[in-house]
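Remarks on the overall topology
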Amino acid sequence: MWIPPISRHFSSAAPSEIAIVGIESHICVTQTTLDLLANGHKVYILADGVSSCNKEEVPIALARLRAAGAVVTTSESFLYELMGDASIPEFRAIAGLVKECSKDTKEAVSTLLSKM
């Protein structure tokens, strides 16, 4: 949740870009995201990093958050967007990590898409 002990680390004068992962996409993830958006921050929801004990809740929550202004993306896409350029020194290590985790990422995204 977007509570004072956390929010004080972020400036409302200079909006932040914040990535969200978590369980109970329709409760905690949704409430935190809506609070962040209301405070002017850019929010990325990593779709393969959210869940719910009721799996049918996930696509509904993601659609709601997208409509509210959050960017719904995948962890892989987000990582490459953060890097911005293959010429940075960290690129090879990150690309290796993505390749190493690609099977798990593919399964997570496939499961998510089957519910939409």
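Described in the following lines is the structure provided in the data block. (Residues numbered from 1 in each chain as written. Predicted model: local features only at pLDDT ≥ 70, side-chain atom pairs only at ≥ 80, totals over all residues. Heavy atoms only, no water.)

Our next topic: the pairing of strand β1 (residues 17-22). In the sheet, β1 pairs with strand β2 (residues 42-50) via five bridges, with the strands oriented parallel. Bridging from a neighbouring strand, Ile18 pairs with Val43 of β2. In this fold, the crossover linking β1 to β2 by way of helix α2 (residues 25-38) has right-handed handedness. (Pairing = 2+ DSSP bridges. Helix = DSSP H or I, 4+ residues; strand = E, 2+ residues; numbered from the N terminus. Right-handed = clockwise from strand over helix to strand, strands pointing away.)

Turning next to the packing of α2 against helix α3 (residues 57-68). Running from amino to carboxyl end, α2 crosses α3 at an angle of 5°, the nearest separation of the two axes being 10 Å. Here α2 lies roughly parallel to α3, going by the angle between them. Between α2, through Ser25, His26, Val29, Thr30, Thr33, Leu34 and Leu37, and α3, the contact on the second element is made entirely by Glu57, Val58, Ala61, Arg64, Leu65 and Ala68. Looking at the contact of α2 with α3 residue by residue, the classes come out as seven nonpolar, four polar and two charged. (Axes fitted to C-alpha atoms, helices over the stretch in contact; angles between N-to-C directions. Parallel < 35°, antiparallel > 145°, perpendicular 65-115°, else oblique. Contact = heavy atoms within 4.5 Å. Nonpolar A, V, L, I, M, F, W, Y, C, P; charged D, E, K, R; others polar.)

The next thing to look at is the sheet that holds β2. The parallel open sheet is built from three strands, whose spatial order is β1-β2-β3. Each edge of the sheet is formed by a strand with only one pairing partner; in this case those strands are β1 and β3 (71-73). Adjacent strand axes in the sheet meet at a mean angle of 25°, parallel and antiparallel pairs treated alike. Contacts from α3 reach β2 and β3, with the element oriented near 165° to β2.

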